[in-house]
Amino acid sequence: DYMKALKLAPNDASVFECLGLLEYQSGDYKASVSYYSKTIEMDSTYWFAYYNRGISEVKINETEKACEDFNIALRHHVRNAQDAIDQYCGKARL
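Residues numbered from 1 in each chain as written. Predicted model: local features only at pLDDT ≥ 70, side-chain atom pairs only at ≥ 80, totals over all residues. Heavy atoms only, no water.

Here we take up the overall build of the chain. Check the secondary structure of the chain and you find six helices and zero strands. Here the C-alpha atoms of the chain give a radius of gyration of 13 Å, agreeing with the 12 Å that 2.2 N^0.38 yields for 94 residues. If you line up the chain on its principal axes, its C-alpha atoms span 40 × 25 × 15 Å. Sequence separation of at least 24 residues holds for 33% of the intrachain contacts in the chain that already meet a minimum separation of 6. Accessible area for the chain stands at about 5,800 Å²; split by element, carbon and sulfur atoms hold 49% of it. Here the chain contributes 11 positive and 14 negative side-chain charges, whose respective centroids are spaced 1 Å apart. (Helix = DSSP H or I, 4+ residues; strand = E, 2+ residues; numbered from the N terminus. Rg over C-alpha atoms; globule rule 2.2 N^0.38 Å. Contact = heavy atoms within 4.5 Å. Areas by Shrake-Rupley, 256 points an atom, 1.4 Å probe, with all protein chains shown as cover. Lys, Arg positive; Asp, Glu negative; His and termini not counted. Charge placed at Lys NZ, Arg CZ, Asp CG, Glu CD.)

The structure is reproduced here in structure tokens:
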């Protein structure tokens with residue numbers, strides 16, 4: 001249970017990343033964005049969190065923010081970042 005993990009390891013960015021995924025899967029995209037943002041706040045080099053936050057941002061019509069996150073992910077070679085940029089943003093802005 002991730003809430004128990006959160007209590008045991010409140011400074012572990014990966015727990016917040018998993019909570020972001022769970023919220024995304026449940027359809028609560030705003031909560032997902034919040035958890036991914038917390039992941040990034042805790043570890044700004046957690047590159048997959050930028051991509052995942054971008055996917056969640058697309059779901060809540062925050063496409064400009066999503067494209068910023070996809071571009072950060074792309075600069076750090078996150079798989080599928082270029083596909084997301086092509087689909088939602090047009091050309092990459094490296």
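The subject of this paragraph is the packing of helix α3 (residues 29-42) against helix α4 (residues 47-59). In contact at an axis separation of 9 Å, α3 and α4 are set at 155° when each is read in the N-to-C sense. Considering the angle they form, α3 stands roughly antiparallel to α4. Like other packed secondary-structure pairs, α3 and α4 cross with a definite hand, here left-handed. Only A49, Y50, N52, R53, S56, E57 and K59 of α4 make contact with α3, whose side of the interface consists of Y29, S32, V33, Y36, S37, T39 and I40. (Axes fitted to C-alpha atoms, helices over the stretch in contact; angles between N-to-C directions. Parallel < 35°, antiparallel > 145°, perpendicular 65-115°, else oblique. Left-handed = near helix turned anticlockwise from the far one by under 90°.)

What follows concerns the nonpolar core. Formed by 16 residues in total, the largest nonpolar core has its most connected members in Y50, Y51, F70, A73, V78 and A81. Core analysis: the second largest hydrophobic core is formed by five residues, V15, F16, L19 and Y35 among them. (Core = buried A, V, L, I, M, F, W, Y, C linked by side-chain atoms within 4.5 Å. Buried < 20%, exposed > 50% of the residue type's maximum accessible area, 1.4 Å probe, protein only.)

If you walk through the whole model with that rule in mind, you get four salt bridges. Between K38 and E41 there is a salt bridge, and its shortest N-O distance comes to 3.4 Å. Of this pair, K38 and E41 both sit in helix α3, three residues apart, roughly one helical turn. Note on K38: relative accessible area 30%, which makes it partly exposed. (Salt bridge = Lys/Arg side-chain N within 4 Å of Asp/Glu carboxyl O.)

With that out of the way, let us pick up the confidence of the model for the chain. Regions with low pLDDT should not have their predicted coordinates read in detail. In this model, the chain carries an average pLDDT of 92, and 94% of its residues clear a pLDDT of 70 or more. Ranking the elements of the chain by mean pLDDT puts helix α1 (residues 2-8) last, at 74, and α4 first, at 98. (pLDDT = per-residue confidence, 0-100.)

Those residues of helix α6 (residues 81-88) not exposed but buried are A81, A84 and I85. Taken end-on, α6 shows its buried residues confined to a sector of 100°, consistent with a single buried face. On its buried face, α6 is in contact with α4 and α5 (63-75). Phi for G90, located one or two positions after α6, is positive at around 85°. (Arc of directions from axis to C-beta.)

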